[in-house]
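One-letter residues, chain by chain:
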Amino acid sequence: MNTRHASSRGAHSRRARMAWAMTCIIALSVAGSVLGACGRIGPPQPPGPRSDFTYNRTYPAPDR
C-alpha cells in the first residue's frame, strides 16, 4: 500500500512541476513580446517617401 501512495505522489509532483514549467514559459513569452517594442523612438512610419502614403487624405479627393 505504501508503494501506491508513493507513486501517486510522484505523479502529482511531476504534473505540478510540468504545470509550473508551462506557466513560466507562457509568462516569459508574454513578457518578451510586450517588452520587444520598448525603446522604439516615435510612432511607426511606413517606408518610402511621404508622397506615396495613401492614408491621412481628405475625402473626397481634391482632384474630383
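Here, the structure is the one placed above.
All of the points below concern the structure found in this document. Computed from a prediction, not measured in an experiment: that's the story for all the values here. (Residues numbered from 1 in each chain as written. Predicted model: local features only at pLDDT ≥ 70, side-chain atom pairs only at ≥ 80, totals over all residues. Heavy atoms only, no water.)

1. Structural notes on the overall build of the chain
Helix and strand counts for the chain come out as one helix and zero strands. Relative to its full complement of 64 residues, the chain shows a buried share of 2%. Looking at the chain as shown, the accessible area adds up to about 6400 Å², and 63% of this sits on carbon and sulfur atoms. (Helix = DSSP H or I, 4+ residues; strand = E, 2+ residues; numbered from the N terminus. Buried < 20%, exposed > 50% of the residue type's maximum accessible area, 1.4 Å probe, protein only. Areas by Shrake-Rupley, 256 points an atom, 1.4 Å probe, with all protein chains shown as cover.)

2. Remarks on a nonpolar patch on the surface
On the surface, a nonpolar cluster with roughly 400 Å² of combined accessible area is contributed by Ile 26, Val 30, Val 34 and Leu 35. Tracing the backbone shows Val 34 in helix H1 (residues 2-35). (Patch = residues over 30% accessible without salt bridge, like charges linked within 9 Å, V, L, I, M, F, W, Y side chains within 5 Å. Salt bridge = Lys/Arg side-chain N within 4 Å of Asp/Glu carboxyl O.)

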